[in-house]
Amino acid sequence: MKLFEFVRKRQWVPITGYLIYVSVLTAGYYYNLTFVQLGLTDLGTQEIGMPPGDVSIVMAILALLTLVAAVTSGVLMDRRGWSTDLYVKFRLLFLVVLVQLFLTVAAPHVSAIDQFVLWVIVCSVALGVGIPVSFSFMLDFVPVRDRGYVAAIVAGLSFFMAALYPIKWQIDEFSLVMSAMMVPAILVLAVLSVKRFRFVDRLASQHERDAFGTGRFCRPIPVRTVSFAFWGPVLLMFGVFFIDSLGFLRIIETPLYIYTSWQSPDPSVRLFIAVLHVVGALAAGIIYTNFDRNWLFLWVFGLFAFTHLLYVFHVQFGAGDTPPLVLPMFYVLAVSFYTTLNFALWPDLSTPETIGMHSALGVGIAGWLATFSSTSLALYSEAIGLSLANHLMYVNALALLFVVALPVLVYVHRMAELARGGTTP
Amino acid sequence: MNLELIPLLIIALLMISAGGADVETTEFVIEGDHEMTEHRGALIVGDATVTVPANEAVSGPVYVIGGEFRVQGTVEGDVTQLSGSLVVEDGGIIGGELQHIGGSEVLSDEAVITERTTVTLESNEPGPIAAYAPFVLTTLMLALAGAGLSRKRNALLDNIGAATREHPLISLTVGALLSVTFLSIFVFMAFTLILLPVSILGLLTGLLIIAYGIIALGYLAGQQLNTSRVGLATGLGVVAIMVLLQVIGVIPILGDLIGGGLLLMGLGAVVLTYFGLQEFEPVSLPE
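What you are looking at is a predicted structure, and each value in this text was computed from that prediction instead of being measured.

Quick notes on the rules
- Residues numbered from 1 in each chain as written.
- Chains lettered and ligands numbered in written order.
- Predicted model: local features only at pLDDT ≥ 70, side-chain atom pairs only at ≥ 80, totals over all residues.
- Heavy atoms only, no water.
- UniProt positions renumbered as here; feature names shortened; annotations may be inferred.
- Helix = DSSP H or I, 4+ residues; strand = E, 2+ residues; numbered from the N terminus.
- Axes fitted to C-alpha atoms, helices over the stretch in contact; angles between N-to-C directions.
- Parallel < 35°, antiparallel > 145°, perpendicular 65-115°, else oblique.
- Left-handed = near helix turned anticlockwise from the far one by under 90°.
- Contact = heavy atoms within 4.5 Å.
- Nonpolar A, V, L, I, M, F, W, Y, C, P; charged D, E, K, R; others polar.
- Phe/Tyr/Trp six-rings, centres within 6.5 Å; stacked < 30°, edge-to-face > 60°.
- Buried < 20%, exposed > 50% of the residue type's maximum accessible area, 1.4 Å probe, protein only.
- Buried area = accessible area lost by both parts, 1.4 Å probe.
- Polar contact = N/O pair within 3.5 Å; in protein donor to acceptor, adjacent residues only side chain to side chain.

Re the UniProt feature "transmembrane region" (unreviewed entry) in chain B
Residues and elements named next belong to chain B.
Working step 1: In this structure's numbering, the residues bearing the UniProt feature "transmembrane region" (unreviewed entry) are residues 129–149, 169–194, 200–220, 232–251 and 257–277.
Working step 2: Counted over residues 169–194, helix gives 88% and strand 0%. Its end C-alpha atoms are 37 Å apart.
Working step 3: Each end of residues 257–277 is marked by a C-alpha atom, and these two atoms are 29 Å apart; helix forms 76% of the span and strand 0%.

What follows is the structure in structure tokens.
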């Protein structure tokens, strides 16, 4: 790892960059993972009393608005050169976190549908701006060589906290804890937004170094936005996020499976899940760093297909018994794998000139749009009374489709390259 | 699930398959305390305590491969005990045949057992020679295979050894992921009964890959001897690795972790190098 080299040479500035990146992304992802995705459902259904179908529509609105806001801000960042200006990015992040603090404090007081919709609109704008800003930090702070490992640490830590931290997944508990966590971050960002520091100046120029700026898949030729090399991974990541959320929401709402899920009342089960998240993420980091990315995609789809097969099997033949931990184990591995991939992939498909647009499209479409559209679909399937077994059967079918489609896509792409006269693999 | 249960589970599923029982009604109880009151179909008792209460009946057949099976009521069919503990209490009835192959059993004088057979596979307390014979034989076979392979196809072991030496973390990660995933898949396949042969074949292949990995580790260890007799060095290296795995197992937890880690590393290196046919090179990244 390049980090060890920095430590050996006592180069503390780049090391600070690693710390800033891990802190920002871990906190941001934890917030989105718990407060937005799960807290929002709780706010709509439990606090306001909206039917699940209506909440699913609001979630879809959130997804679309987040995507629009992310792409708009990503394009603006690239065109105006903000993607390469660390101080501007700190200012933008300060604004985003400030808005999120207000939203977090306001959340428990939202009691009517129109307030809820307004809350969602403001939230989606903040999230949308936050996506290209936070993901582009990787080009400033993390060298290409270490991106897989650092992404793994972010993914592992976020899930570790989400699985282990013993608060109920409800909006009022979230609100209090999140607000307390955000205040110190806002103070630090406020200082960094108005005052120049020498160590920040040095961090701000790191993206110009060969080891940092240009992503792994942009060497020697940068990946263009309108290309198979970019939209292929977007499609695959969309599939991964969609499959995950579609199955996850129904599983954690089935009482039998709560006991071996992230919401288990048994601390030892949550500890098992939390530790496995970290182990899974580290394994994904090692694979991402040392192999072609398609292997990681293939492994993720394979894991999801097998996981859902296990759940379907247990729903049909489990006779109502508490499921064995092997079921959540594979789910956890799959989730840790693709989350690690998500953090590293978009910066590695970008240069400092395209990171805003690419991370906005990648995370916006593959992450937010897929997650919220599948969450909406899961709520809808619940509302129309589709059984868990049938629901998971559809999820499994999707996972299997991607397992088959990935090698076919890679093969066809290679054929197209050869037909055009290309020779390099 | 206790990994040691897997071979017994496969045997139990083979027996169920041979007996013509319906897989859809077969239940495998892995953990916890359970009372069975009206189960119709085959039942496999794993790391769990399963009780048939008084005045209740299950159809059977029942296979005990671990944990404890207590009969206070009635088992209408056969009971086969491969391991674990079987207790038939006063008034307990086994309507079919009770076949004892392994494990401990407590049978009350007041219990009703229609037919009872005992299959003795080994003496209860084997002597030191009998106890270590499987280990010695396995080591000898691996050492001979390693000696032969290193003399005739040295390049294969060179590639696997290089992957283990230069990329231990990658080898370990790949080995661990493959073993966890494929072990679960093969156990899952076994439950379908149709894929039971594939499952057994897969598990045997896994064992062979692990053995190949041990040979490669032995080859690496043998290189430390700095001798031109590569066959002898590999053979001795394999013996050293096998003894190390045996001895280190004495240390609780840590010993198992180190031993397991070595085996998984070997397995990962074998797969990464296409069984030694190709040198493993990770993707190149800018420094």
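Considering the packing of helix 4 (residues 168–191) of chain B against helix 5 (residues 196–223) of chain B
All names here are of chain B.
Working step 1: Helix 5 packs onto helix 4 with a crossing angle of 155° between their chain directions and a minimal axis gap of 7 Å. Accordingly, the angle class assigned to the pair helix 4 and helix 5 is roughly antiparallel. Like other packed secondary-structure pairs, helix 4 and helix 5 cross with a definite hand, here left-handed. Facing helix 4, whose interface residues are L183, F186, M189 and A190, helix 5 presents L196, V198, S199, G202 and L203.
Working step 2: Each residue belonging to the contact of helix 4 with helix 5 can be placed in one class, and the counts come to seven nonpolar, two polar and no charged.

Quick notes on the packing of aromatic side chains
Residues and elements named next belong to chain B.
Working step 1: All told, the structure shown has 23 aromatic pairs over all chains when counted by the stated rule.
Working step 2: Taking the centre distance of 6.0 Å and the plane angle of 45° together, the rings of F182 and F186 count as tilted. Highlighted residues: F182 and F186, both in helix 4, separated by four residues, approximately one helical turn.
Working step 3: Exposure remark for F186: the relative accessible area of 14% places this residue in the buried category.

Thoughts on the interface of chain A and chain B
Working step 1: Tallying the contact residues gives 28 residues for chain A and 24 residues for chain B.
Working step 2: When the two sides are added together, the surface that chain A and chain B hide from each other amounts to roughly 2,300 Å², 76% of it contributed by carbon and sulfur.
Working step 3: The tally of links from chain A across to chain B stands at one residue pair in polar contact (both at pLDDT 80 or more).
Working step 4: The biggest single contributor to the side of chain A that touches chain B is helix 12 (residues 293–317) of chain A, with seven residues.
Working step 5: Class assignment for the residues of the side of chain A that touches chain B results in 19 nonpolar, two polar and seven charged.

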